[in-house]
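# Structural description and commentary
Given next are the chains, with one letter for each unit.
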Amino acid sequence: MSIRRLPEKLVNRIAAGEVVERPAAALKELVENAIDAGSTRVSVRIAEGGISRIEVEDDGCGMTGADMALALERHATSKLPTDAIEDVTTMGFRGEALPSIASVARLTLESRLAGGDGWKRVVDNGVLVAEGPAALGKGTRVMVEDLFARVPARRKFLRSGRSEYAACLDVVRRLAMARPDIGFTVEHDGRRVLDVQGGQDQLTRVAALTQRELAANSIGVDIDRGDVHLGGVISLPTYNRGIADHQYLFVNGRPVKDRLLVGALRGAYADLLARDRHPVVALFLDVPTSEVDVNVHPAKTEVRFRDPQLVRGMIVGGLRRALDEHGFRSVQRPAEAALAAWQQEPVAPQPPAPGLFAAPTPHLPNRAMFGGDDGTTTALLRDRIVDFAPPRDALPMGRAEVAVAPVPEAEAHPLGIARGQIAKTYIVAEAEDGLVIVDQHAAHERLVLEQLRRGMGGQAVPSQGLLLPEVVELDEPACDRLEAAAPQLAALGVEIERFGPAAVMVRATPAMLGAIDCQKLVTDIADDLAGYDAALGLNERLELVAATMACHGSVRAGRTLSVAEMNALLRTMEVTPHSGQCNHGRPTWVKLAMDDVEKLFGRK
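Before going into details, it helps to say that this report is about the structure given with it. Each chain has its residues counted from 1, following the order in which its sequence is written. Two thresholds apply to this predicted model, a pLDDT of at least 70 for residue-level local features and 80 or more for giving and counting side-chain atom pairs, whereas whole-chain, interface and lining totals are computed over all residues. As a convention, hydrogens and water are excluded, and side-chain values are obtained from all of the structure's heavy atoms.

## Here we look at the overall build of the protein
We count it as follows: Put simply, DSSP H or I for four residues or longer makes a helix, DSSP E for two residues or longer makes a strand, and each gets a number counted from the N terminus. Any two residues having at least one pair of non-hydrogen atoms within 4.5 Å are treated as being in contact. For every accessible area listed, the method is Shrake-Rupley and the probe measures 1.4 Å; residues are considered covered only by the protein chains on display.
The secondary structure content of the protein amounts to 17 helices and 25 strands. For the protein, restricting intrachain contacts to residue pairs at least 6 apart in sequence, the fraction spanning at least 24 positions comes to 68%. Of the roughly 31,300 Å² of accessible surface on the protein, a fraction of 53% belongs to carbon and sulfur atoms.

Here it is, written out as structure tokens:
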């Protein structure tokens, strides 16, 4: 078979397969062009998720008719005035988007320079079908209709209109987040779904495009290391999502989904979140153009760094320091749905007050102390007779002690003073600014883990020798792994030694864990060492081991605590990093503000 040169039309369709895989990809290219044109306002209108129509209008610099004809040719661009592609600062630079889109859809391009005349060109699946004058203001308007209509092999792989619409909205949201100086509007099927004004600062724009609660449950990031700057906001570990779609990462103002950055983000939250939970973040990384290559992916969604370890270390270290400084914080208040779940007893209608000559109420008790023995009464005590005795089969599970200690200042002791325990699981405390509820098991689990981590950092964890060493039988590979990790486990307070080919002997356990089941503890440690043997290093695996040990030694739900023990737990939480969330990313405490309490009782 001889080699042949492919025709231009087929070349454009092949290029479209790389650049325009779905409507959202076409929309991304068009909005990036609008941004590069110096626009202050970008309007987007889509129909049926962008499958039937995409329209992008801007107030940028505009183009002449000759430039429009050139823009529809492959590898023609105004964004590379020289051959130094490594110095590119614009969103686009390849010059492939417009001809690629025009080869698989009907594209109408209209543009006008300031003080000039408008011009229009219409290209239908790679064929110029019309051109002429156009009436529009300064800027450019691009309309894409019937995407992949003549490429059924590509059209059938598109998702539903709702799914494509979600992808289009996500694209615009990310680009709008990267450029808070530009205003953006999005309309879908005639309904406006996004509208942000230009001239905003970065944090205001992030708050406008993400969940409203993020502002109260986030931490600001502002780190400089040489010529590299990292800024943005990250959520508290307790404010997390089940999917990673709410992670917005930018490099030099370009939205990216880079594996290095995602991995660094996961590393920063490694022992603060369960593996199936993800933080909400918006991080903006600015590096010199000579230190990053943006020309590694057709859609420009990935980048390559000259010094990836510097970037990873900066993200992991910087985010961990920020989280350490705010580690005590938890989600600031219960969710609205949780507040709505509080039950309010319906107020029973009060019977009308009896008249002066009304007969005595028949259901009042006939007691001598309230009247004569003949059944008459000297006073109506309807509202004063209350039986507080609860049914014997429904005794409450709460416990409280006399509240004698005064409420401490919120600044010194934000968790307040313990007032009681509910269901032998939750500590109820009174703070200066609200009601605090603490999950005693989750809180103590985090405290134990932080103490074990200090042991891994060089501060040996006190161990407690067993009067009679306990032998734990395991398979030989598990014993090999435990024997190899024995020195590191000793730093955590677990002293073991090999006892034959298929057993280990436990001589000591961490004193903080108290009396524990050595068999179960050692088995779980062996499972952790085996489960992550190939993917993680020894230190990372020991982090998981420490989390397992913390779970074994924490105060269990169902244990009755004295008020002194509760207060000791609260004071320790206030000075321990990351005590606002348990080892799985769930909150260890929540606060119900006094305003919310008063609302529940109708006082506000």
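## Brief notes about the packing of helix H2 (residues 23-36) against helix H6 (residues 161-178)
Stated formally: Lines fitted to C-alpha atoms define the axes here, with helix axes fitted over just the stretch in contact, and angles between the N-to-C directions of these axes take values from 0 to 180 degrees. What sets the label is the angle itself: under 35 degrees gives roughly parallel, over 145 gives roughly antiparallel, 65 to 115 gives roughly perpendicular, and the rest give oblique. The sense of a crossing depends on the near helix, which, turned anticlockwise from the far helix by less than a right angle, makes the crossing left-handed and, turned clockwise, makes it right-handed. Only Asp, Glu, Lys and Arg are considered charged in this grouping, and only Ala, Val, Leu, Ile, Met, Phe, Trp, Tyr, Cys and Pro are considered nonpolar; every other residue, Gly among them, is considered polar.
Contact geometry for H2 and H6: axes closest at 9 Å, N-to-C directions at 25 degrees. Between H2 and H6, the interaxial angle falls into the category roughly parallel. Two packed elements cross with a definite hand, and for H2 against H6 that hand is right-handed. Where H2 abuts H6, its residues Pro23, Ala24, Leu27, Lys28, Val31, Glu32 and Ile35 lie against Glu164, Ala167, Cys168, Val171, Val172 and Leu175. Classifying every residue of the contact of H2 with H6 by side-chain character gives ten nonpolar, no polar and three charged.

## Describing the sheet that holds strand E12 (residues 247-251)
Formally: We treat two strands as partners when DSSP finds at least two bridges between them.
Reading across the sheet, the five strands line up as E9-E10-E15-E12-E13 and stay open at both edges, with mixed pairing between neighbours. A single partner strand is all that each edge strand has here, and the edge strands are strand E9 (218-225) and strand E13 (254-256). For this sheet, the mean angle separating the axes of adjacent strands, direction not counted, is 20 degrees. Across six bridges, the pairing between strand E10 (residues 228-235) and strand E15 (residues 281-286) is antiparallel. Bridge assignment links leucine 230 to a residue of E15, and that residue is leucine 285. Across the sheet, H6 is in contact with E12, E13 and E15; its angle to E12 comes to roughly 50 degrees. Set on the sheet, helix H9 (residues 308-325) makes contact with E9, E10 and E15; between it and E9 the angle comes to about 140 degrees.

## What to know about the nonpolar core
Here is the rule: Put simply, buried Ala, Val, Leu, Ile, Met, Phe, Trp, Tyr and Cys residues joined by side-chain atoms within 4.5 Å make one nonpolar core. Buried means the residue's accessible area, taken with a 1.4 Å probe over protein chains only, is under 20% of the maximum for its type, while exposed means over 50%, and partly exposed covers the values in between.
Ranked by size, the top nonpolar core spans 57 residues in total, and within it Val31, Val56, Leu107, Val144 and Phe184 carry the most contacts. The residues touching valine 144, leaving out its near neighbours within four places in the chain, are Leu30, Ser52, Arg53, Ile54, Ile101, Ala105, Arg106 and Leu107. In terms of nonpolar packing, the next biggest core, distinct from the first, is built from 32 residues, Val88, Val256, Leu265 and Leu319 among them.

## Examining the pattern of salt bridges
Using the following cut-off: A side-chain nitrogen of Lys or Arg and a carboxyl oxygen of Asp or Glu constitute a salt bridge if their distance falls within 4 Å.
Within this structure, the stated rule accounts for 25 salt bridges. With a closest N to O distance of 2.9 Å, aspartate 170 and arginine 174 form a salt bridge. Placement of both aspartate 170 and arginine 174 in helix H6 is noted, with a separation of four residues, approximately one turn of the helix. In terms of burial, aspartate 170 and arginine 174 fall into one category: buried. In this structure, the salt-bridge partner of arginine 498 is aspartate 480, at a minimum N-O distance of 2.9 Å. Note that arginine 498 is positioned in strand E23 (residues 495-498) and aspartate 480 in helix H12 (residues 476-484), a separation of 18 residues in sequence. The exposure class assigned to arginine 498 is partly exposed, which follows from its relative accessible area of 24%.

## Considering unusual backbone geometry
For alanine 423, which is not glycine, the phi torsion reads 55 degrees and is therefore positive. Here alanine 423 shows up in the loop between strand E19 (417-422) and strand E20 (426-431). By relative accessible area, which is 26% here, alanine 423 ends up partly exposed. Although it is not a glycine, lysine 424 sits at a positive phi angle of roughly 55 degrees. With respect to the helices, strands and loops of the structure, lysine 424 is situated in the loop between E19 and E20. Looking at lysine 424, the relative accessible area reads 41%, which means it is partly exposed.

## Focus on the environment of alanine 130
One can find alanine 130 in strand E5 (residues 127-133). Separated by ten residues in sequence, alanine 130 and lysine 120 have C-alpha atoms that sit 8.0 Å apart. Beyond its immediate sequence surroundings of up to four residues, alanine 130 is in contact with Lys120, Arg121 and Val122.

## Comments concerning the pairing of E19
For E19, the tally of buried residues reaches five of six residues, placing the bulk of the element in the interior. Both E19 and E20 contribute to a ladder of five bridges, which runs antiparallel. Along E20, the bridge assignment pairs isoleucine 417 with glutamate 430. If you look at the hairpin formed by E19 and E20, you'll find three residues sitting between the two strands, and alanine 423 has a positive phi there, around 55 degrees.

## Considering the environment of aspartate 117
Topologically, aspartate 117 is positioned in the loop between strand E3 (106-112) and strand E4 (119-124). Separated by 17 residues in sequence, aspartate 117 and alanine 134 have C-alpha atoms that sit 7.8 Å apart. Contacts of aspartate 117, omitting those with residues within four sequence positions, involve Ser111 and Arg112.

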